[in-house]
Amino acid sequence: LGRVDDTGFHRVDARAPEIHNLRVTRAIEARDGVVWMSFLRRGLGRFRDGRVEPVALPGTPNANVTDIAEDDRGHIWVSVGDRPILYELADGRRVRQLGADDGVRNAITQVALERGDTLWALTTSAILRIAGGSVSTVPAPGIGHILQARAAALIGNGQLWIASEAGIVRLSLVMLHRLAN
């Protein structure tokens, strides 16, 4: 594990040899400097103070974490690939869990932060807006084939970009908000 800045590459895992036995599938560096990582068949963890710490997600030991995002408050959002669940964590503890009762009908494959606590999430059949802890499903006619093919999401220039092996599409965030309301 290393960090790249304008002075070059710097290893940061020398004091954490246990990381060499883990296969990292996703990683983000939070604004507090903690690196959040998902591990193949080993769930979620964080690297801080030179150590890797496992982070338990309730009901999902060794979860297949599909994405990790940080909102403007520093809360970490974690999607789990085999269940329709989205976790919100603060200080490594679960503060919210959104699931089927909240409108998350299928497993979330990608999460992208728009601003504040507004997130856009992709499932294999829908686009979800998560704002203020509420989930809204946005109709996505004509792009189902893109969502079904391991799509990636990115926010840029007022657009939600969705790309997969099946194609690429950009959707206006203004339009998506109108559809979600």
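Please refer to the structure higher up on the page.
So, here is what we can say about the structure in this document. The model shown is predicted, which means the values in this text are computed figures rather than measured ones. Each chain carries its own residue numbering, running from 1 in the written order of its sequence. Totals for whole chains, interfaces and linings use every residue, but because this is a predicted model, local features are given only for residues with pLDDT of at least 70 and side-chain atom pairs only at 80 or more, for both listing and counting. Here the side-chain values reflect all heavy atoms present in the structure, with hydrogen atoms and water set aside.

A large share of strand 12 (residues 118-122) lies buried, amounting to five of its five residues. When DSSP finds at least two bridges between two strands, those strands are taken to pair. Per the convention used, a helix needs a DSSP run of H or I reaching at least four residues, while a strand needs a run of E reaching at least two, with both numbered from the N terminus. Two strands pair when backbone bridges link them, and strand 11 (residues 110-115) and strand 12 are joined in this way by five bridges, in the antiparallel orientation. Each bridged residue has a counterpart across the sheet, and for Leu 113 the counterpart in strand 12 is Leu 119. The hairpin turn running from strand 11 into strand 12, its antiparallel successor, is two residues long, and Gly 116 in that turn takes a positive phi close to 55 degrees. Here strand 12 runs beside strand 13 (residues 127-131); their pairing, made up of four bridges, is antiparallel. Its bridge partner being in strand 13, Leu 122 is matched across the sheet by Ile 127. Linking strand 12 back to strand 13 in an antiparallel pair, the connection comprises four residues. Throughout this description, buried means an accessible area under 20% of the type-specific maximum (1.4 Å probe, protein chains only), exposed means over 50%, and partly exposed covers the range between.

What follows concerns the sheet that holds strand 17 (residues 167-172). For sheets, the rule is that strands pair by backbone hydrogen bonds, running either parallel or antiparallel. Read across the sheet, three strands follow the order 15-16-17 without closing on themselves; strand pairing throughout is antiparallel. The open sheet terminates on both sides in strands that have one partner only, identified here as strand 15 (152-156) and strand 17. For this sheet, the mean angle separating the axes of adjacent strands, direction not counted, is 20 degrees. Bridging between strand 16 (residues 159-164) and strand 17 involves six bridges; their strand directions are antiparallel. Across the sheet, Trp 161 pairs through a bridge with Arg 170, a residue of strand 17. What counts as an axis is a line fitted to C-alpha atoms, over the stretch in contact for a helix, and the angles between N-to-C directions run from 0 to 180 degrees.

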